[in-house]
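Structural overview
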Amino acid sequence: MSADDSPESIAEESAQQAGGLDEVVPEPLMPVWNQVEKVQAFRRTHGETYVSALELLTALALTGGYVWWLLIFLELL
């Protein structure tokens, strides 16, 4: 089984050939659907960078919290 036959690549190829959901979304829901498409386009364009930045911010927040907890703990001794 090659990388091209993976379930993810088959699903992506099928989705590209399907033409998108904008063909079946009712007209009153199109403004909501357009926002969903914008978010998906952002994720396709900046997904890796965005996730890396969020991981970095989470790591910094957790490290700061642990350091704060350690300072409070050491002051109580």
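Residues numbered from 1 in each chain as written. Predicted model: local features only at pLDDT ≥ 70, side-chain atom pairs only at ≥ 80, totals over all residues. Heavy atoms only, no water.

Along the chain, the regular secondary structure elements total two helices and zero strands. For the chain, with 77 residues in total, the buried portion stands at 6%. Total accessible area on the chain stands at roughly 7000 Å², and carbon and sulfur atoms take up 65% of it. (Helix = DSSP H or I, 4+ residues; strand = E, 2+ residues; numbered from the N terminus. Buried < 20%, exposed > 50% of the residue type's maximum accessible area, 1.4 Å probe, protein only. Areas by Shrake-Rupley, 256 points an atom, 1.4 Å probe, with all protein chains shown as cover.)

Moving on, we get to the packing of aromatic side chains. By the definition in use, this model includes two aromatic pairs. Taken together, a centroid distance of 5.5 Å and an interplanar angle of 85 degrees make the contact between F42 and Y50 edge-to-face. For the pair W69 and F73, a centre-to-centre distance of 5.4 Å together with 10 degrees between the ring planes defines the contact as stacked. Linking W69 with F73, this pair stays in helix α2 (residues 30–76), spanning four residues, or about one helical turn. (Phe/Tyr/Trp six-rings, centres within 6.5 Å; stacked < 30°, edge-to-face > 60°.)

Turning our attention to α2. In an α-helix, one turn spans 3.6 residues, which is why side chains three or four residues apart end up on the same side. In this model α2 runs just 58 Å from its N-terminal to its C-terminal C-alpha over 47 residues, more than 12% under the 69 Å that 1.5 Å per residue would give. At H46, α2 is deflected by roughly 80 degrees, the largest bend along its length. All of the buried residues in α2 are M30, W33 and G47. (Expected span 1.5 Å × (residues − 1). Bend = angle between axes of the 7 residues up to and from the residue.)

Functional significance is not addressed by these values, which are geometric in nature.
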